[in-house]
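Residue-level structural notes
Chain by chain, the residues:
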Amino acid sequence: MEEKEKTTGQQLREALLNQKKNGWDVVDEATEKAAFDYCEGYKTFLDKGKTERDCVDYAVELAEAAGFVPFERGMELQPGMKVYRVNRGRAINLAVMGSAPLDQGVSISASHIDSPRLDLKPTPLYEDSELAFLKTHYYGGIRKYQWVTIPLELRGVVAMKDGSIVHVSVGSHPGDPLFTIDDLLPHLGAEQSKKPLGEAIPAESLNILVGSRPLKDDEGKDRVKLAVMKLLYDHYGIREPDFISAEIEAVPAFNAVDIGFDRTLIGAYGQDDRVCGYAGLKALLDLEGVPVRTAVCVLADKEEIGSEGVSGMQSAFFETFIGDLCASQKVPLRVCLEKSFCLSTDVTAAFDPNFADVYEKNNSARVNYGVGLCKYTGSRGKGGASDAGAEAVAYIRRLLDDRGVLWQMAELGATDKGGGGTVACYMANRNIDTLDAGVPVLSMHSPFEVTSKLDCYMTYAACKAIYEG
């Protein structure tokens, strides 16, 4: 059958209009397979990396298997060398040295690997009515009602006074016990049900149930608490005062799974922003040969609370790392930074038709439409955004189109409905051209977020394109 000649209107639409297409209607079978295969490794990363420390440990394991070595100050660096540096166990920078000198800048993918969660308080263990609980302090922007009556596990470290580190992991191994936070039964919850969602579960009621059997042959008080403490001492050698110097996190006790009859989606905890962290890391590990510009992957901590602290993106760790690379070539750091480009890879909100009123449909990211590029984040009047320049956006458009990477433009919700931030402004503050890009997420910040496998893969492809230049 002869193909009909396109009408003038059809020709004009193709030439002039931005016609969005679902990615599964665009990609070929080879790309589909590549996306599904890539996401198997990503799901493993999620399961192994439920805390920022776990993510760093697994990143080091993958990096060393790919030929990366720890970067020491003063090390002589040659094109093609692969180096990394860990920041206090909670953040990591990695680099593949390029053929061009560092005065030509570096190509950066910057993500964060911390996620909203519940942290144990410094004095967490208590007993009430012969039940033992752990007090928590929530971290990041959680919706508290989502964290009750779900299975939880505990992961983290206890730093002992003698300098040793005790690793704690309960709930991640077969046969481990799990934990939970109880909620009020509906029969007695009439008053609770009248409260707004944000007030129905007070922060101080997010107490984790950890035991109920009292210590035998004892007539003192807090026998259940004492029995729990004895179990912890027998297994880990820790005493109650050791909680003061501990970082133990309560995280959801379920692994990453496929969602939907067609298995095109992933459901898991911590996809904000480990989905982009893995994309940047995996893209760097998969680089072949020597890139022209040095390629840098940043996996930072503390983004969910403003990128503060010694392991956050506002710390000097990034400049120190790049500065030490520059020192090996006697290049001033400022010269390198002003010629660099950063893709701030953080997730964006996927349009959800169940809550359409909080989105502006024409400018929202859609599931399965590729990596979401975001010129600005922030809230309302672009507060807290880096607001990338038009030239930076054009550069990424050209780069991704040339490599066949599916992408879309995105905003985080309707203008006056809220907003959010990323590490982009802190990279831009360093005089680095920066653009936000990342995977659209459904149910962001919940204990069980949902992403598209195709969008995950296209974010990986975008990071690889940045590194390759």
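Our subject is the structure that appears above.
Throughout what follows, the structure given in this document is the object of discussion. By convention here, each chain's residues receive numbers from 1 onward along its written sequence. Side-chain atom pairs in this predicted model are given and counted only at pLDDT of 80 or more, local residue features only at pLDDT of at least 70, and totals for whole chains, interfaces and linings cover all residues. Here the side-chain values reflect all heavy atoms present in the structure, with hydrogen atoms and water set aside.

A run of H or I in DSSP becomes a helix once it reaches four residues, and a run of E becomes a strand once it reaches two; helices and strands are each numbered from the N terminus. The helix and strand tally for the chain stands at 12 helices and 22 strands. In terms of its C-alpha atoms, the chain occupies a principal-axis envelope of roughly 90 × 60 × 45 Å. In the chain, which comprises 469 residues, the proportion classed as buried is 50%. A separation of at least 24 residues holds for 76% of the contacts in the chain among residues at least 6 apart in sequence. Total accessible area on the chain is roughly 22300 Å²; 51% of this is exposed by carbon and sulfur atoms. Here the chain carries 51 positive and 69 negative side-chain charges, and the mean point of each set is 2 Å from the other. For every residue, the accessible area (1.4 Å probe, protein chains only) is compared with the maximum for its type, and the residue is labelled buried under 20%, exposed over 50%, or partly exposed between those bounds. The contact definition used throughout considers only heavy atoms, calling two residues in contact when any of these lie within 4.5 Å. Surface exposure here means Shrake-Rupley accessible area, sampled with a 1.4 Å probe, where a residue is shielded only by the protein chains that are shown. Counting rule for charge: Lys and Arg are taken as positive, Asp and Glu as negative, and neither His nor the chain ends is counted. Here the site of a charge means NZ on Lys, CZ on Arg, CG on Asp, or CD on Glu.

On to the sheet that holds strand β11 (residues 257-259), then. When DSSP finds two or more bridges between a pair of strands, those strands are recorded as paired. With respect to topology, three strands assemble into an open sheet ordered β11-β12-β22, the strand pairing being antiparallel. For this open sheet the edge positions go to β11 and β22 (449-452), each flanked by a neighbour on one side alone. Mean inter-strand twist for the sheet, computed between neighbouring axes without regard to direction, equals 35°. Bridge count between strand β12 (residues 265-268) and β22: four bridges; the pairing is antiparallel. From the neighbouring strand, G267 faces β22, where its bridge partner is V450. Relative to β22, helix α7 (residues 271-285) is tilted by about 35°, and along the sheet it contacts β12 and β22. Packing against the sheet, helix α12 (residues 453-468) makes contact with β11, β12 and β22, and its axis sits at approximately 70° to β22. Angles here are taken between N-to-C directions and fall from 0 to 180 degrees, while the axes themselves are lines fitted to C-alpha atoms, restricted in helices to the stretch in contact.

Moving on to the state of the cysteines. Our working definition of a disulfide is a cysteine sulfur pair at a distance within 2.5 Å. Evaluation of the coordinates by the stated rule reveals zero disulfides. Looking at C39, it has no disulfide partner, and the nearest cysteine sulfur is the one in C456, 4.6 Å off. Look at C39 and you get buried, because its relative accessible area is 0%. No disulfide involves C326; its sulfur sits 3.8 Å from the nearest other cysteine sulfur, which is in C336.

The length a helix should cover is 1.5 Å for every residue beyond the first. Between its first and last C-alpha atoms α7 spans 20 Å; for 15 residues at 1.5 Å apiece the expected length is 21 Å, and the two agree. When you tally the buried positions in α7, you get 14 out of 15 residues, the bulk of the element.

Time to look at the side chain of R293. As for its position among the elements, R293 is in the loop between α7 and β13 (294-300). We note that R293 is buried and unpaired, the nearest opposite charge coming from D433 at a distance of 8.4 Å. Beyond its immediate chain neighbours, meaning those up to four positions away, R293 contacts G98, Q104, G105, V106, S107, K339, S340, F341 and Y467. We define a salt bridge as a contact between a side-chain nitrogen of Lys or Arg and a carboxyl oxygen of Asp or Glu at a distance within 4 Å.

With that out of the way, let us pick up the sheet that holds strand β7 (residues 152-159). Pairing is antiparallel in the open sheet, where six strands are placed in the order β8-β7-β10-β5-β6-β9. In the strand order of this sheet, the two ends are held by β8 (165-170) and β9 (208-211), each with one partner. In this sheet, adjacent strand axes meet at a mean angle of 30° when their direction is disregarded.

Let's shift gears to the packing of helix α2 (residues 29-48) against α12. Where α2 contacts α12, the two axes come as close as 9 Å, and the packing angle between them is 85°. One finds that α2 runs roughly perpendicular with respect to α12. Where α2 approaches α12, its residues T31, A34, A35, F36, Y38, C39, E40 and Y42 are matched on the opposing element by K453, L454, C456, Y457, M458 and Y460. Ten residues, namely Ala, Val, Leu, Ile, Met, Phe, Trp, Tyr, Cys and Pro, are considered nonpolar, four, namely Asp, Glu, Lys and Arg, are considered charged, and the remaining ones, Gly among them, are considered polar. Grouping the constituent residues of the contact of α2 with α12 by class yields 11 nonpolar, one polar and two charged. Just so you know how the angles are binned, under 35 degrees is roughly parallel, over 145 roughly antiparallel, 65 to 115 roughly perpendicular, and the rest oblique.

This part covers the nonpolar core. Take the buried residues of types Ala, Val, Leu, Ile, Met, Phe, Trp, Tyr and Cys, join any two whose side-chain atoms come within 4.5 Å, and each joined set is a nonpolar core. By size, the foremost hydrophobic cluster in this structure holds 63 residues, and its most contacted members are L94, L284 and I396. No other element matches the 11 residues that α12 contributes to this core. The residues touching I396, leaving out its near neighbours within four places in the chain, are F341, L343, L373, L435 and I466. Of all hydrophobic cores here, the second largest spans 32 residues; its members include L120, L125, V158 and V251.

Structurally, the position occupied by Q271 is in helix α7. Here a polar contact is taken to be a pair of N or O atoms separated by no more than 3.5 Å, where protein atoms must pair a possible hydrogen donor with a possible acceptor and residues adjacent in sequence count only if both atoms sit in side chains. Of the polar contacts made by the side chain of Q271, one reaches the backbone oxygen of I266; its length is 3.1 Å. Excluding its chain neighbours within four sequence positions, the residues that come into contact with Q271 are Y42, L46, I266, V347, E449, V450 and T451.

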